[in-house]
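Here is how the chains run, residue by residue.
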Amino acid sequence: MATATVVSAEEGEQDRESLTLPLLSSQISNINSTSQVAIVGANVCPIESLDYEIAENDFFKQDWRTRRKTQILQYIFMKWSLCFLIGSIVGLIGFFNNLAVENIAGIKFVVTSNMMLAERFGMAFLSFTVPNLVLTLFASIITAVVAPAAAGSGIPEVKAYLNGVDAPGILSLRTLVIKIVGSISAVSASLLVGKAGPMVHTGACIASLLGQGGSKKYGLTWKWLRFFKNDRDRRDLVTCGAAAGIAAAFRAPVGGLLFAIEEMASWWRSALVWRAFFTTAIVAILLRAFIDICFSGMCGLFGTGGLIMFDVYSSNVSYHLVDVPPVLLLAVVGGILGSVYNFLLDKVLRIYNIIHEKGIAYKLFVACTISILTSCLLFGLPWLASCRPCPSHATEACPTIGRSGNYKKFQCPPGYYNDLASLIFNTNDDAIKNLFSKGTDDEFQYSTVLAFFITCFFLSIISYGIVAPAGLFVPVIVTGASYGRFVGMLVGSHSNLNHGLYAVLGAASLLGGTMRMTVSLCVIILELTNNLLLLPLIMLVLLVSKTVADAFNGNIYDLIMKAKGLPYLEAHAEPYMRQLTVGDVVMGPLQLFRGIEKVGNIVHVLRTTRHNGFPVIDEIPLSETSVLYGLILRAHLITLLKKKVFLSSPDASGIDAFREFSAGDFAKKGSGNFDNIEDIEFSEEEMEMYLDLHPFTNASPYTVVETMSLAKALLLFRQVGLRHLLVIPKISGRSPVVGILTRHDFMPEHILGLHPLLVRSRWKRLRIHFPRLFSKIF
């Protein structure tokens, strides 16, 4: 989804190349890595990193010394207040999304059902297909035209943001609105997509917007908000927003918290966990209150509050050692299916990217084609299923007419139901409830469950890549549930577990095989099903399926991030990085500034490079030898130039920085708002003047010697959340700075491009350690 370059000391040349060349030029089939939204096709958008590091310059230190206890209490109070607002707003949106989907899809299913009862089958087909097409087209148009960054799940983008990747537009107000509206339309259109991923993105957008620190444009200039005008606090809020998104989607507050920690956040601390827990608790309390209102019948004909709660609790669930072998087999096959699912989805996204880059018309054509294909399959497949007599012990009306339920009539005569229609002519949530239901072991036929599994497996893969908000969580759950139900039917009376419980384990196995999470998925499933007795089996299934799938490829979100070109830094270092030093990958030319620099030189460098950070050195007479003073950011330089507080001569007298500037002048602006050096005009006299950089330079930047291994530098870079890492010489007497390491320098494409022999050595090691695998492949 975006170019994998970020601003660095050497990026003047690299940035120009990165905007025109793919990262892996030898692989023509790769996703376009020059586009921030490559999956949906877009204009070239360069990516930068976020400034998580605190710039400890003299000005910053003085500002903190002058802060009173009142201001510190204001900061703490606002942090908790924003967490409360995030939880409240995300909870409201989650409730609204479920209510909207239930009512829109419910009306469509009732109209279609009425046509079927009247035996007007042609009109029934049109009543089902046309609304699906209109809803899909609407979601695709608003996404492609208004906010292309809203396409897809949004989880890979938020995960990359929390890793330090600042992709343009992913957390904007426009993206938020389109994400909400588009997700409702796409899910209501009977596409095999979910709303959990979009809810995570929605929560992150809300958190980011609340953490903008106010807005002069809209008159939101309350001084308390200024504390959050930095990337560190925004990152914490976005983490809370992502946790709230999962909590709202599944009504799983603890699962949402663990999901944010295990899968989303690259950096966390105990205080952040406590605030995220508070946020998800607010979501859970709010949803519980609204669901009670809906149960009283105040949410419309179809709206019962939804919010995915599959109650399969059974007080008499018992299992023994004889049940373990089929569960293990289910987990192994689930892991293999998950890896195949990831492989196919990755290939489909690459194909879609080629089509989408041809223009909006092609994006809409793909979306409409998928919608028509989905409608034809969903409407046509139940005709192949035979009608079954209603069971005498049914706990609900059979056949089900005019509402969701386990026994859809479709084309069957009175007293009979169509078991495949019971799965297809419902929302995905209701289909999962039907599969998870206890006491329904005789409800479905073998062919029905198998046909539904195959349909969901492939439709969810081809539906995800359309230009519309679409999640993967629910499609994977419904696909895995049908797979687990089929396994339960095959095992039959040889197991103590009923078919509904096998459906739960099947959903867990496919989730583990695709998303490769353990703790968070385990808790989410337990909160979804309200069945703590299944905990040991769910843990076993997740561990086995994840282990099996990891032998083939990565998790689905990492594959999507790689396809989109997001420069994500992994938590581990590749083995070849231990063979290299930082001096082997850092590149020039390096732009330096003196402590007191000529204005003309600063303006020239800023206009001719895209560097974000510049080393500042002191030379004679300010120091006895050339020494590194620190690092100054591009945004701070532009702020200094805008104020035009210049010196007439290069002496060390300096200016009274604390009188001329305030802390707000150097605060990080909101997304989409930034100053540009081209917008500032200078006279010839001003270009000959000087600027004292000392008070605004970070005098304690992170530095490493040029002989440090690249693997060790990567761990430091990621764990601390850096944007720049200065490389200094091992031997004194040389230039005080060798170069600057940035995110780009740790990307495999950059490293292997500089040292192509490492590619051969890596394949050689794989051949040595996995000879059987290579003998089968080659």
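Residues numbered from 1 in each chain as written. Predicted model: local features only at pLDDT ≥ 70, side-chain atom pairs only at ≥ 80, totals over all residues. Heavy atoms only, no water.

*Asks:* Help me understand the overall build of the chain in this model?
*Replies:* Assigned secondary structure in the chain consists of 29 helices and 12 strands. Taking all 778 residues of the chain together, the buried fraction comes to 57%. Contacts spanning at least 24 positions in sequence make up 78% of the contacts within the chain whose residues lie at least 6 apart. (Helix = DSSP H or I, 4+ residues; strand = E, 2+ residues; numbered from the N terminus. Buried < 20%, exposed > 50% of the residue type's maximum accessible area, 1.4 Å probe, protein only. Contact = heavy atoms within 4.5 Å.)

*Asks:* Looking at this structure, how should I read the pairing of strand 7 (residues 613–618)?
*Replies:* Each regular strand displays side chains that alternate between the two surfaces of the sheet. Counting buried positions along strand 7 yields six of six residues, so the element is predominantly enclosed. Of the two faces of strand 7, the one carrying Gly613, Pro615 and Ile617 and the one carrying Phe614, Val616 and Asp618 are both buried. Pairing between strand 5 (residues 593–594) and strand 7: two bridges, direction parallel. Looking at strand 7, one finds that Arg594 is bridged to Ile617. Bridge count for strand 7 against strand 8 (residues 627–633) is six bridges, and the pairing is antiparallel. Within the sheet, the bridge partner assigned to Ile617 lies in strand 8 and is Leu628. (Pairing = 2+ DSSP bridges.)

*Asks:* Which parts of the structure should I look at to understand the packing of aromatic side chains?
*Replies:* The way to describe two aromatic rings as a pair is by their centre distance and the angle between their planes. Scanning all chains against the criterion turns up 24 aromatic pairs. With a centroid separation of 5.2 Å and an interplanar angle of 50°, the aromatic rings of Phe410 and Phe425 are classed as tilted. Note that Phe410 is positioned in the loop between strand 3 (388–389) and strand 4 (416–417) and Phe425 in the loop between helix 13 (419–424) and helix 14 (428–436), a separation of 15 residues in sequence. With respect to burial, Phe410 and Phe425 carry one shared label: buried. An aromatic cluster of three or more residues is present, and its members are Phe109, Phe121, Phe125, Phe128, Phe379, Trp383, Phe410 and Phe425. (Phe/Tyr/Trp six-rings, centres within 6.5 Å; stacked < 30°, edge-to-face > 60°.)

*Asks:* Help me out: how do you make sense of the environment of Thr280 in this one?
*Replies:* By the secondary structure assignment, Thr280 is in helix 10 (residues 270–295). What makes Thr280 buried here is its relative accessible area of 1%. In sequence terms Thr280 and Gly256 are 24 residues apart; their C-alpha atoms lie 7.0 Å from each other. Discounting residues that sit within four places of it in the chain, Thr280 has contacts with Ala243, Ala244, Ala247, Pro253 and Leu257.

*Asks:* Which parts of the structure should I look at to understand the packing of helix 17 (residues 499–515) against helix 18 (residues 519–529)?
*Replies:* For any two helices packed against each other, the geometry is given by the interaxial angle and the distance between the axes. Packing of helix 17 against helix 18 brings their axes to within 11 Å, and their N-to-C directions diverge by 150°. Put simply, helix 17 runs roughly antiparallel to helix 18. At the point where helix 17 passes helix 18, the crossing takes the right-handed sense. Contact residues: helix 17 offers Val504, Ala508, Leu511 and Gly512, while helix 18 offers Leu521, Ile525 and Thr529. Here the residues of the contact of helix 17 with helix 18 are counted per class, giving five nonpolar, two polar and no charged. (Axes fitted to C-alpha atoms, helices over the stretch in contact; angles between N-to-C directions. Parallel < 35°, antiparallel > 145°, perpendicular 65-115°, else oblique. Left-handed = near helix turned anticlockwise from the far one by under 90°. Nonpolar A, V, L, I, M, F, W, Y, C, P; charged D, E, K, R; others polar.)

*Asks:* Before we go on, may I ask you to explain the state of the cysteines in this structure?
*Replies:* The tally for this structure, following the rule as stated, stands at one disulfide. Here Cys387 engages in a disulfide with Cys412; their sulfurs sit 2.1 Å apart. Torsion about the S-S bond of the Cys387 and Cys412 cystine: about -95°, corresponding to left-handed handedness. Linking Cys387 in the loop between helix 12 (360–380) and strand 3 with Cys412 in the loop between strand 3 and strand 4, this pair joins segments that are 25 residues apart in sequence. Just so you know, Cys240 is unpaired, no disulfide at all, and the nearest cysteine sulfur is the one on Cys83, 4.0 Å from it. (Disulfide = S-S within 2.5 Å.)

*Asks:* Explain the pattern of salt bridges to me, please; I cannot follow it from the model alone.
*Replies:* Opposite charge on two side chains allows them to pair when their charged atoms are near. Per the stated rule, a full pass over the model turns up 16 salt bridges. In this structure, Asp236 engages Arg235 in a salt bridge whose closest nitrogen and oxygen atoms are separated by 3.9 Å. Overall, Asp236 belongs to the buried group, its relative accessible area being 6%. Look at the salt bridges and you will find they share partners, linking Arg235, Asp236, Arg269 and Arg275 into a network. (Salt bridge = Lys/Arg side-chain N within 4 Å of Asp/Glu carboxyl O.)

*Asks:* Quick question: what am I supposed to make of the sheet that holds strand 10 (residues 703–705) here?
*Replies:* The pairing of strands in a sheet happens through backbone hydrogen bonds and is either parallel or antiparallel. Strands sit in the order 10-11-12 across an open sheet of three strands; the sheet is mixed. The sheet is open, and its two borders are formed by strand 10 and strand 12 (739–741), each paired with just one other strand. Neighbour to neighbour, the strand axes of the sheet diverge by 35° on average, direction disregarded. Sheet topology places strand 10 next to strand 11 (residues 725–728); three bridges connect them, and they run parallel. Across the sheet, residue Val704 finds its bridge partner in strand 11, namely Val727. Packing against the sheet, helix 26 (residues 710–720) makes contact with strand 10, strand 11 and strand 12, and its axis sits at approximately 150° to strand 11.

*Asks:* Can you help me understand a nonpolar patch on the surface in this one?
*Replies:* On the surface, a nonpolar cluster with roughly 480 Å² of combined accessible area is contributed by Leu329, Val332, Val333, Ile336, Val340 and Phe552. The topology assignment puts Val333 in helix 11 (residues 324–356). (Patch = residues over 30% accessible without salt bridge, like charges linked within 9 Å, V, L, I, M, F, W, Y side chains within 5 Å. Areas by Shrake-Rupley, 256 points an atom, 1.4 Å probe, with all protein chains shown as cover.)

*Asks:* What am I meant to see in the environment of Ser648 here?
*Replies:* Within the secondary structure layout, Ser648 lies in the loop between helix 23 (634–643) and helix 24 (657–660). Accessibility expressed as a relative area gives 66% for Ser648, which makes it exposed. Counting along the chain gives 41 residues from Ser648 to Met689, while the straight-line C-alpha distance between them is 5.2 Å. With residues near it in sequence (within four places) discarded, Ser648 still touches Met689 and Tyr690.

*Asks:* What should I look at first to understand the packing of helix 4 (residues 121–145) against helix 12 in this one?
*Replies:* Helix 12 packs onto helix 4 with a crossing angle of 150° between their chain directions and a minimal axis gap of 9 Å. The orientation of helix 4 with respect to helix 12, classified from their angle, is roughly antiparallel. The crossing of helix 4 and helix 12 is right-handed. Split by residue class, the contact of helix 4 with helix 12 holds 17 nonpolar, six polar and one charged.

*Asks:* Which parts of the structure should I look at to understand the sheet that holds strand 8?
*Replies:* Overall, mixed pairing links the three strands, which are arranged 5-7-8 in an open sheet. Each having just a single partner strand, strand 5 and strand 8 make up the two edges of the open sheet. Strands in contact with helix 23 are strand 5, strand 7 and strand 8; relative to strand 8, the strand with the most contacts, it is inclined by about 80°.

*Asks:* Got a minute to help me understand the pairing of strand 11 in this structure?
*Replies:* What joins strand 10 to strand 11 is helix 26, and the crossover it makes is right-handed. Across three bridges, the pairing between strand 11 and strand 12 is antiparallel. The partner of Leu726 across the bridge, within strand 12, is Ile740. (Right-handed = clockwise from strand over helix to strand, strands pointing away.)

*Asks:* I would appreciate a short explanation of the confidence of the model for the chain in the present structure.
*Replies:* Regions with low pLDDT should not have their predicted coordinates read in detail. Summary statistics for the chain give a mean pLDDT of 82 and a share of 84% for residues scoring 70 or more. Contacts for the low-pLDDT stretch residues 1–45, under 50 throughout, to residues beyond four places or in other chains number 135 contacts. Note that residues 766–778 has pLDDT below 50 and, in this model, five contacts with residues that lie over four places away or in other chains. (pLDDT = per-residue confidence, 0-100.)

*Asks:* Mind showing me how you'd approach helix 10 here?
*Replies:* One turn of an α-helix holds 3.6 residues; hence residues three or four places apart share an orientation. Here helix 10 contains 26 residues, and its C-alpha end-to-end distance of 37 Å stays within 8% of the 38 Å for a straight helix at 1.5 Å per residue. Restricting attention to buried positions, one finds in helix 10 the residues Leu272, Arg275, Ala276, Thr279, Thr280, Ile282, Val283, Leu287, Ile291 and Cys294. Packing partners of the buried residues in helix 10 comprise helix 3 (69–117), helix 8 (231–250) and helix 9 (253–264). (Expected span 1.5 Å × (residues − 1).)

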